[in-house]
Amino acid sequence: MRQTNRYDLLRFVFAAIVFGCHVIVLPGFGISPEMEYFFLETLGRVAIQGFFVISGALVLGSLERSSSVASYAAKRTRRLYPAYFVIVMTCAITALILVPAAREDLATTAKYIGYNLVFLNFLQPDLPGVFEGQRFTAVNGALWTVKIEVMFYMVLPILVWMLNRLGKLRFVLLGLIYIASEIWRIGLEQYGMANGSGMIVQLSRQLPGQMSYFVAGMLLWEFRDIARKRWGVVALIGVIGLAASYLPALEPIRALTLACLIAAIALSPGPELNAARFGDFSYGMYGAHFPVTQTVIALGVFQTSMALGYVVSAIGTMIAAILLWNFVEKPFLHKGNWYLRKSKEDEQAAG
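Residues numbered from 1 in each chain as written. Predicted model: local features only at pLDDT ≥ 70, side-chain atom pairs only at ≥ 80, totals over all residues. Heavy atoms only, no water.

Asker: Summarise the overall build of the chain; cite the residues concerned and give the values.
Answerer: In terms of regular secondary structure, the chain is built from 16 helices and 0 strands. Here the chain has a C-alpha radius of gyration of 21 Å; the compact-globule value for 351 residues is 20 Å, and the two agree. Once the C-alpha set of the chain is aligned to its principal axes, its extents read approximately 60 × 60 × 40 Å. When burial is assessed residue by residue, the chain has 48% of its 351 residues classed as buried. Here the analysis covers contacts within the chain between residues at least 6 apart in sequence; of these, 74% occur between residues at least 24 apart. Here the chain has roughly 17,200 Å² of accessible surface; of this, 69% comes from carbon and sulfur atoms. Each charge sign in the chain was given a centre, from 29 positive and 21 negative side chains, and these centres are 10 Å apart. (Helix = DSSP H or I, 4+ residues; strand = E, 2+ residues; numbered from the N terminus. Rg over C-alpha atoms; globule rule 2.2 N^0.38 Å. Buried < 20%, exposed > 50% of the residue type's maximum accessible area, 1.4 Å probe, protein only. Contact = heavy atoms within 4.5 Å. Areas by Shrake-Rupley, 256 points an atom, 1.4 Å probe, with all protein chains shown as cover. Lys, Arg positive; Asp, Glu negative; His and termini not counted. Charge placed at Lys NZ, Arg CZ, Asp CG, Glu CD.)

Asker: So what about the environment of Ala110? Which residues, and what values?
Answerer: Note on placement: Ala110 falls in helix α5 (residues 106-117). Overall, Ala110 belongs to the partly exposed group, its relative accessible area being 47%. C-alpha separation for the pair Ala110 and Gln124, spaced 14 residues apart in sequence, amounts to 9.8 Å.

Asker: Go over the layout of surface pockets with me, naming the residues and quoting the values.
Answerer: Estimates place the volume of the largest pocket at around 1,500 Å³. Lining of the largest pocket is provided by 47 residues; of these, Glu41, Trp144, Val201, Gln202 and Arg205 occupy positions nearest its centre. No other element matches helix α2 (residues 33-65), which puts 11 residues into the lining of the largest pocket. Here the lining of the largest pocket is composed, by residue class, of 25 nonpolar, 14 polar and 8 charged. (1 Å grid on protein atoms, 1.4 Å probe; cavity = no way out; pocket = protein on both sides within 12 Å on 5 of 7 lines; lining within 4 Å. Points joined across faces, edges and corners; volume = space filled by probe spheres on them. Nonpolar A, V, L, I, M, F, W, Y, C, P; charged D, E, K, R; others polar.)

Asker: Before we move on, can you summarise a nonpolar patch on the surface with the specific residues and values?
Answerer: Side chains of Val311, Ile315, Ile319, Leu323 and Phe327 sit close together on the surface and give an oily, nonpolar patch of about 500 Å² of accessible area. As for its placement among the helices and strands, Ile319 is situated in helix α15 (residues 306-332). Ile319 sits in the partly exposed class, given a relative accessible area of 47%. (Patch = residues over 30% accessible without salt bridge, like charges linked within 9 Å, V, L, I, M, F, W, Y side chains within 5 Å. Salt bridge = Lys/Arg side-chain N within 4 Å of Asp/Glu carboxyl O.)

Asker: Could you give me a rundown of the pattern of salt bridges, with the residues and numbers involved?
Answerer: Side chains that differ in sign of charge can pair as their charged atoms come close. Applying the stated criterion across every chain yields a total of 12 salt bridges. Close ionic contact of Arg45 with Glu41 constitutes a salt bridge, the shortest N to O distance being 3.6 Å. Separated by 4 residues within a single helix, Arg45 and Glu41 lie in helix α2, roughly one turn from each other. Exposure remark for Arg45: the relative accessible area of 13% places this residue in the buried category. The residue Arg45 makes a salt bridge to Glu189 at a minimum N-O spacing of 3.2 Å.

Asker: So, the packing of aromatic side chains: which residues are in play, and what are the values?
Answerer: Each aromatic ring pair is specified by the distance between its two centres and by the angle formed by the two planes. This structure, assessed with the given rule, holds 11 aromatic pairs. Seen from their ring centres, Phe38 and Phe39 are 5.4 Å apart, and the 65 degrees between their planes marks the pair as edge-to-face. Of the residues examined, Phe38 reaches a relative accessible area of 36% and is grouped as partly exposed. When the ring of Tyr81 is compared with that of Phe119, the centres are 5.7 Å apart and the planes differ by 75 degrees; the resulting orientation is edge-to-face. Taken together, the residues Tyr81 in helix α3 (residues 69-98) and Phe119 in the loop between α5 and α6 (144-166) connect sequence positions 38 residues apart. Tyr81 sits in the partly exposed class, given a relative accessible area of 25%. Its guanidinium or amino end placed over the ring of Trp221, Arg224 lies 3.9 Å from that ring's centre, counting from NZ or CZ. One cation-aromatic arrangement involves Arg254 over Tyr246; the distance from NZ or CZ to the ring centre is 3.9 Å. (Phe/Tyr/Trp six-rings, centres within 6.5 Å; stacked < 30°, edge-to-face > 60°. Lys NZ or Arg CZ within 6 Å of the ring centre and 35° of its normal.)

Asker: Go over the confidence of the model for the chain with me, naming the residues and quoting the values.
Answerer: Across the chain, pLDDT averages 92, with 94% of residues at or above 70. The weakest mean pLDDT in the chain belongs to helix α16 (residues 338-350) at 53; the strongest belongs to α5 at 98. Of the regions scoring below 50 in pLDDT, residues 347-351 engages in 0 contacts with residues more than four places distant in sequence or in other chains. (pLDDT = per-residue confidence, 0-100.)

Asker: Describe the packing of helix α1 (residues 7-25) against helix α13 (residues 282-298), with residues and values.
Answerer: α13 packs onto α1 with a crossing angle of 10 degrees between their chain directions and a minimal axis gap of 9 Å. Taken together, the axes of α1 and α13 are roughly parallel relative to one another. Contacts between α1 and α13 involve Arg11, Phe12, Ala15, Ala16, Val18, Phe19, His22 and Val23 from the former and Ser282, Met285, Tyr286, His289, Phe290 and Thr293 from the latter. Partitioning the contact of α1 with α13 into residue classes produces 9 nonpolar, 4 polar and 1 charged. (Axes fitted to C-alpha atoms, helices over the stretch in contact; angles between N-to-C directions. Parallel < 35°, antiparallel > 145°, perpendicular 65-115°, else oblique.)

Asker: Account for helix α12 (residues 254-267), with residues named and values stated.
Answerer: Look at α12: 20 Å from first C-alpha to last across 14 residues, which is about the 20 Å you get at 1.5 Å a residue. Buried residues dominate α12, accounting for 10 of its 14 residues. Among the residues of α12, Arg254, Ala255, Thr257, Leu258, Ala259, Ile262, Ala263, Ala264, Ala266 and Leu267 are the ones counted as buried. In this fold, the buried residues of α12 make contact with α1, α2, α7 (170-194), α9 (207-222), α10 (224-229) and α11 (231-244). (Expected span 1.5 Å × (residues − 1).)

Next up, the structure:
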């Protein structure tokens, strides 16, 4: 029998937090630099890190259940790429239809399509004439994390092979990777900020610098039974440790303490609070919210009413997420996907 958890709920909450941060910051009306930093660098950032922790746990579980690396790769591709492809191409095709500059500068439009389809969003984040004059001109500034997810998917089979070879010493290797990741991220970020190099700051936040969160998720998966039994202690460690991690000297403990908090919420007793009862909308929400919000800004809705802008952006994002799930994501799922299995179990239980 499947043990219940609340990972679906957490992913939905994290996606909603990222949307909330962007819908406040992107219009740029009446927001101070301090508030912008809080929404983007504190609240939004920890939500993205939460995604990485959950991915570390669930993708490791997916690999362990797969009959081969090829099967694992196929499942990951089917889960991630169809919706990603549709999001990128929808933005590009819409621009070609509605924006003359996108048709006139086909070379740049083609670069946008090409680079974004292979996850190199940073090389061409803009489309000609699209969102010009807005505070941010990127078509979809949220997609940078997908590249990091894909890189982790690629690294994981090699890492698991190494861990299996090490036996009891596997946790030593995970610890070393965790430490190296923290040194990479914090060291490069501080160096980049000290030298005014945004490129180095961005480099610090790529996969080596985020690997500690995936490793924390892998440890969550390894010790999930203990976390389920001792969820109260794990929750206390998570709450206190995560708060303490915002002290400059204690930032390296954030990944582990965030994983503890996620484990306690996901695995504690009580109702499952099934956020994916009608569909797993978190990925679609995350992938679509940025261009939807940018479009609402371009239409002048926020200038008319900030509240109306928030509402229209939220409704538009949810409509996009529902359409993506039902017509793109779900049809491409592998037959052994957790959601399809869970849906079948729920149907059997209801019957």
